[in-house]
Amino acid sequence: MPKIVDHDARREEIAQALWRVVRRDGIRAASVRTIAAEAGWSAGAVRYYFPDQDGLLKFAMDLVSRRVGERITALTARGGTKGSATTVVLRYLEEVLPLDVERMAEFDVWLAFMAQAQAETGAGALHDNVQAVHDGLRDLCAELLTALSDAGSLRDGLDLRLEVERLHALLDGLALHAAVQPGRTTPTRLRRLLRLHIDSLLALNPLQTKDFAPTARQVRQKPD
């Protein structure tokens, strides 16, 4: 019988080889030749799946955001929305922070792509991908804080749109500190700082239900 080839798995294998090259040697070293050598493939085999380097870079970057999305989906499937409002929000937000080896690898690659997109005027497609990931993280912040607001868990008088931006900036900053100063910004410290921020947004006597379930919706605009 003919051998069945999992082409999606092979594309991911090539993308992961690109990740290793980028983390070790920088994004400029990520040529078809170096990636093929890293993956143990021929350059021709890599080009079969990715005829040009731009396509390979885009796929590798998309893989970062897809991995995060898959973890969030899996979290929901195994009951991630069960529990108190604070517990659920922290549970979801921790999926986008570099709290273990896998997530640190994702962030290192993401950081390299982001720097490349900012440095090169011709990196239009790369810049679009970076923007899409930023938008996705902002949407997650908006969804979670809107759910907290709907549950009556937030302090009165908060500007929800502003709090979404603050949370988004905090996540970016915490992830960057973890990458630059891993000895100081440990996973335990990351979790503590994130919890302190979320706790600062909560009402003293929030309305509580048995389960807190965020739903996909947009932050409502406050009237002028």
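For the structure itself, consult the block above.
Residues numbered from 1 in each chain as written. Predicted model: local features only at pLDDT ≥ 70, side-chain atom pairs only at ≥ 80, totals over all residues. Heavy atoms only, no water.

### A short note on the overall build of the protein
Then comes step 1: Helices and strands together make up the secondary structure of the protein, namely nine helices and zero strands.
Then comes step 2: Across the protein, the fraction of contacts at a sequence separation of at least 24, relative to all contacts at a separation of at least 6, is 69%.
Then comes step 3: Taken as a whole, the protein presents about 12,500 Å² of accessible surface, with 53% of it coming from carbon and sulfur. (Helix = DSSP H or I, 4+ residues; strand = E, 2+ residues; numbered from the N terminus. Contact = heavy atoms within 4.5 Å. Areas by Shrake-Rupley, 256 points an atom, 1.4 Å probe, with all protein chains shown as cover.)

### A short note on the pattern of salt bridges
Then comes step 1: Tallied over the entire structure, the rule returns 17 salt bridges.
Then comes step 2: The shortest N-O distance in the salt bridge between Glu12 and Arg66 comes to 2.9 Å. Remark: Arg66 occurs in helix 4 (residues 53-77) and Glu12 occurs in helix 1 (residues 7-25); sequence separation between them is 54 residues.
Then comes step 3: A salt bridge links Glu163 to Arg166, with the nearest nitrogen and oxygen atoms 3.0 Å apart. With Glu163 and Arg166 both in helix 8 (residues 160-180), this residue pair falls three residues apart, about one helical turn.
Then comes step 4: Because the salt bridges share partners, they merge into one network encompassing Glu12, Arg66, Arg67 and Glu70. (Salt bridge = Lys/Arg side-chain N within 4 Å of Asp/Glu carboxyl O.)

### What about the layout of surface pockets?
Then comes step 1: By volume, the largest pocket is sized at about 460 Å³.
Then comes step 2: Lining the largest pocket are 22 residues, with Ser65, Val68, Val96, Val133 and Leu137 positioned closest to its centre.
Then comes step 3: For the lining of the largest pocket, the secondary-structure elements that each account for two or more residues are helix 4, helix 6 (101-119), helix 7 (124-150) and helix 8.
Then comes step 4: Among the elements that line the lining of the largest pocket, the one with the most residues is helix 4, at six residues. (1 Å grid on protein atoms, 1.4 Å probe; cavity = no way out; pocket = protein on both sides within 12 Å on 5 of 7 lines; lining within 4 Å. Points joined across faces, edges and corners; volume = space filled by probe spheres on them.)

### Structural notes on helix 2 (residues 32-39)
Then comes step 1: For helix 2, the set of buried residues is Val32, Ile35, Ala36 and Ala39. Summarising the axial view, the buried residues of helix 2 lie within an arc of 100 degrees, below the 170-degree limit, and thus occupy one face. Seen from the buried face of helix 2, the exposed residues on the opposite side, beyond 90 degrees, are Arg33 and Ala37.
Then comes step 2: Next to the buried residues of helix 2 lie helix 1, helix 3 (43-49) and helix 4.
Then comes step 3: Backbone geometry just after helix 2 places Gly40 at a positive phi near 80 degrees. (Buried < 20%, exposed > 50% of the residue type's maximum accessible area, 1.4 Å probe, protein only. Arc of directions from axis to C-beta.)

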